[in-house]
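Structural description and commentary
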Amino acid sequence: MTGEGWGGAVARVCCRSASGARRPHPPQSQARDPCLPLTFIILAGIEKLIFLYWSGFPFFSPWEDANRSPPVAVKSAMTSCEHPDFLQDDNMLSSQDDGRGKKKDGQPGSPSSSHLAYGILDVPPWYLCILLGIQHFLTALGGLVAVPLILAKDLCLQHDPLTKSYLISTMFFVSGICTLLQVFFGVRLPILQGGSFGFVAPSLAMLSLPAWKCPEWTLNASQVNASSPEFTEEWQKRIRELQGAIMVASCVQILVGFSGLIGFLMRFIGPLTIAPTISLVALPLFDSAGNNAGTHWGIAAMTIFLIVLFSQYLKNVAVPIPIYGREKKGHTSKFYLFQVFPVLLSLCISWLLCFVLTVTNALPKDPTAYGYQARTNTEANVLSQAPWFRFPYPGQWGLPTISPAGVFGIMAGVISSMVESVGDYYACARLVGAPPPPKHAINRGIGIEGLGCLLAGAWGSGNGTTSYSENVGALGITKVGSRMVIVAAGCVLLVMGVFGKIGAAFATIPTPVIGGMFLVMFGVIAAVGISSLQYVDMNSSRNIFVFGFSIFCGLTVPNWVNKNPEMLQTGILQLDQVFQVLLTTSMFVGGFLGFLLDNTIPGFKTAVSAPV
């Protein structure tokens with residue numbers, strides 16, 4: 001199924017550039033677009049759900065079931081986050097409790113959130129909600145932008161920055177929808193949703209199948225005509241395959257969540273399963289990070305240096321900023337700028353340096369020369385081609401297609417995402433002063449995340465969605481646990497997804513800057529997985545064997561299968577593809593072995609208990 005008729009009036013308007021010229025991207029037909037009614041139905045449903053929420057429809061309260069404690073498997077995914085206040089200013093972010101559970105401004109206070117400027121049920125001033133919502137957007141920006149950029153090469157979009165900008169905008173838009181759904185109807189904690197790295201590895205494994213490898217001509221910039229129907233169909237049929245796999249796999253997550261199976265499954269998933277699974281999300285991506293950074297190691301090294309400098313050495317340095325308040329007309333407050341925005345600051349400084357080196361012609365002009373990819377004008381035309389406003393909608397790339405190989409591969413990402421999200425729920429509840437979420441709230445949260453993945457697949461983001469751990473950590477930095485701030489962040493994501501120029505700007509980031517960011521980001525993800533072992537007795541030879549064998553096989557088996565695909569020949573093409581996708585997905589191989597060995601080898605698993 002190609003779905004070439006999926007488009008219509010919205011796409012024709014949205015693909016108009018700032019200069020007024022139309023770009024036939026994607027190709028359209030005159031047939032009535034079946035996606036538009038579906039779009040309005042989905043948006044109307046979301047509007048109805050929000051109306052029910054504000055009308056007092058009975059949903060889970062975060063103060064229910066305060067005596068519950070998280071299972072051991074989930075405790076391992078929880079990390080404490082002790083940081084100084086985001087703003088040290090009484091007027092802006094702090095308010096006093098009068099000892100009766102009420103704040104002086106008349107808003108209800110929570111019994112266990114005295115260390116917070118605003119608790120989970122508090123509503124900060126509207127302007128503060130917007131500012132902190134923008135901050136959460138910027139905190140998640142690295143992950144939101146990185147996922148489409150990683151997938152771009154295997155989607156044959158290496159030389160089509162305009163389509164990359166569309167994918168980035170779609171990711172923003174879908175993340176906004178999923179964030180609002182999770183806050184209003186899911187676990188109802190202040191957790192932001194965004195693209196998941198857990199889906200990247202199985203997606204790349206699926207796209208590496210012989211049937212989906214990009215033709216050689218798509219890798220040559222001189223032979224690529226981004227507006228030609230032939231090229232458009234090349235990348236669209238790949239993303240449609242991803243869409244179908246994500247949508248089907250998300251149905252499994254919806255079933256696991258709303259049926260309550262997640263609580264049963266978590267009894268068998270311990271730190272020795274979580275550690276190799278999460279670590280192997282990032283470790284196999286060393287090739288992608290190295291190739292991007294290797295286009296200019298000087299720029300990449302500077303990006304790495306700045307991220308390390310800001311996030312590690314200067315994180316406790318407060319920057320005074322002017323504040324205007326009602327009581328104090330003009331004064332300054334301390335803002336931990338380097339701690340909150342280390343990646344964004346590093347990216348902007350490196351980007352600016354590349355711009356200066358481009359203007360002064362310090363970088364080579366020859367496309368084949370080393371360092372050319374560091375120039376900022378290699379994809380500069382995307383800013384003029386991108387429309388000011390573009391409304392992403394379901395089926396914008398065509399009707400999704402389905403194959404068993406893709407579905408089984410993405411399921412591995414779904415399992416990884418669920419395990420990580422459950423840990424995020426408990427960590428978030430602890431940071432915002434709420435009791436541990438009860439089982440029915442966790443079930444609903446996982447179910448809503450599955451629904452979010454279904455919407456992400458329908459919209460064609462090329463990825464699923466999950467809870468963002470970095471934004472959970474930001475709650476500890478800002479000391480603001482209000483749900484309204486995350487609602488504002490979701491609205492910011494929706495707005496950013498509609499502004500086409502925003503996605504186009506991020507699509508022009510020089511390749512070595514991206515490579516430097518990847519090196520740090522993937523290293524941190526791998527370390528987060530390994531940190532789960534702090535709740536395991538690593539003096540035990542049993543536990544050392546389970547982890548070491550799982551993670552080493554998770555690297556070795558996919559490498560061998562990629563080099564010897566002809567050895568997996570059963571005579572059934574679909575079965576061969578399923579085996580190849582699963583066995584080339586490192587996180588599946590390592591996670592499965594960790595799960596199997598940890599639950600079958602006798603012995604003690606844990607040595608210490610995680611903090612509740």
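Residues numbered from 1 in each chain as written. Predicted model: local features only at pLDDT ≥ 70, side-chain atom pairs only at ≥ 80, totals over all residues. Heavy atoms only, no water.

**Focus: the overall build of the chain**
On a plain count of helices and strands, the chain comes out with 24 helices and 4 strands. Residue burial in the chain is summarised as follows: out of 612 residues, 56% are buried. When the accessible surface of the chain is split by element, carbon and sulfur atoms take 66% of a total near 25100 Å². (Helix = DSSP H or I, 4+ residues; strand = E, 2+ residues; numbered from the N terminus. Buried < 20%, exposed > 50% of the residue type's maximum accessible area, 1.4 Å probe, protein only. Areas by Shrake-Rupley, 256 points an atom, 1.4 Å probe, with all protein chains shown as cover.)

**As for the state of the cysteines**
If you walk through the whole model with that rule in mind, you get 1 disulfide. The partner cysteine of Cys-156 in its disulfide is Cys-214, sulfur to sulfur 2.1 Å. With the S-S bond torsion at -105°, the cross-link from Cys-156 to Cys-214 turns out left-handed. With Cys-156 in the loop between helix 5 (126–152) and helix 6 (161–185) and Cys-214 in the loop between helix 7 (200–207) and helix 8 (229–259), this pair connects stretches of sequence that are 58 residues apart. The exposure classification of Cys-156 matches that of Cys-214, with both residues buried. (Disulfide = S-S within 2.5 Å.)

**What to know about helix 12 (residues 297–313)**
Between its terminal C-alpha atoms helix 12 stretches 22 Å, which fits the 24 Å expected from 17 residues at 1.5 Å a residue. Taken as a whole, helix 12 has its buried residues at Ile-299, Ala-300, Thr-303, Leu-306, Ile-307 and Phe-310. Along the axis of helix 12, the buried residues cluster in a sector spanning 125°; they form a single face. Exposed and oriented more than 90 degrees from the buried face of helix 12 are Phe-305 and Tyr-313. Where helix 12 is buried, its residues touch helix 11 (286–293), helix 13 (337–340), helix 14 (342–359) and helix 21 (511–531). (Expected span 1.5 Å × (residues − 1). Arc of directions from axis to C-beta. Contact = heavy atoms within 4.5 Å.)

**Brief notes about the packing of helix 12 against helix 21**
The geometry of helix 12 relative to helix 21 is characterised by a closest axis approach of 8 Å and an angle of 45° between their N-to-C directions. In terms of their interaxial angle, helix 12 and helix 21 are classed as oblique. In this structure, helix 12 crosses over helix 21, and the sense of that crossing is right-handed. Counted together, Trp-297, Ile-299, Ala-300, Thr-303, Ile-304 and Ile-307 of helix 12 and Pro-512, Val-513, Gly-516, Met-517, Leu-519 and Val-520 of helix 21 form the full contact between these two elements. A class-by-class count of the residues in the contact of helix 12 with helix 21 yields 10 nonpolar, 2 polar and no charged. (Axes fitted to C-alpha atoms, helices over the stretch in contact; angles between N-to-C directions. Parallel < 35°, antiparallel > 145°, perpendicular 65-115°, else oblique. Left-handed = near helix turned anticlockwise from the far one by under 90°. Nonpolar A, V, L, I, M, F, W, Y, C, P; charged D, E, K, R; others polar.)

**Examining the pairing of strand 3 (residues 331–335)**
Side chains His-331, Ser-333 and Phe-335 project from strand 3 onto a buried face, and the interleaved Thr-332 and Lys-334 project onto a face without burial. Bridge count between strand 2 (residues 319–323) and strand 3: 5 bridges; the pairing is antiparallel. Bridge pairing in strand 3 places Val-319 opposite Phe-335. (Pairing = 2+ DSSP bridges.)

**Description of the pattern of salt bridges**
Considering all chains together, one arrives at 4 salt bridges under this definition. Measuring nitrogen to oxygen at the nearest pair gives 2.8 Å for the salt bridge that ties Arg-240 to Glu-233. We classify Arg-240 as buried; its relative accessible area is 1%. The residue Arg-542 makes a salt bridge to Asp-598 at a minimum N-O spacing of 3.1 Å. Note that Arg-542 is positioned in helix 22 (residues 541–563) and Asp-598 in helix 24 (residues 586–600), a separation of 56 residues in sequence. The same class applies to Arg-542 and to Asp-598, which are both buried. Among the ionic contacts, a cluster of salt bridges with common partners joins Glu-234, Lys-237 and Arg-238. (Salt bridge = Lys/Arg side-chain N within 4 Å of Asp/Glu carboxyl O.)

**Overview of unusual backbone geometry**
Of note in the backbone geometry, Cys-156 takes a positive phi value of approximately 70° without being a glycine. Of note in the backbone geometry, Asn-361 takes a positive phi value of approximately 60° without being a glycine. For Asn-361, a relative accessible area of 41% corresponds to the partly exposed category.

**Side note on the packing of aromatic side chains**
One pass over the structure, following the stated rule, counts 14 aromatic pairs. Here Phe-173 and Trp-459 contribute two aromatic rings whose centre-to-centre distance is 6.1 Å and whose plane-to-plane angle is 40°, an arrangement assigned as tilted. Of the two residues, Phe-173 sits in helix 6 while Trp-459 sits in helix 17 (residues 439–459), which places them 286 residues apart along the sequence. Their ring planes at 70° and their centres at 6.3 Å tell us that Trp-217 and Phe-231 sit as a pair that is edge-to-face. With Trp-217 in the loop between helix 7 and helix 8 and Phe-231 in helix 8, the pair connects residues that are 14 residues apart, well separated along the chain. (Phe/Tyr/Trp six-rings, centres within 6.5 Å; stacked < 30°, edge-to-face > 60°.)

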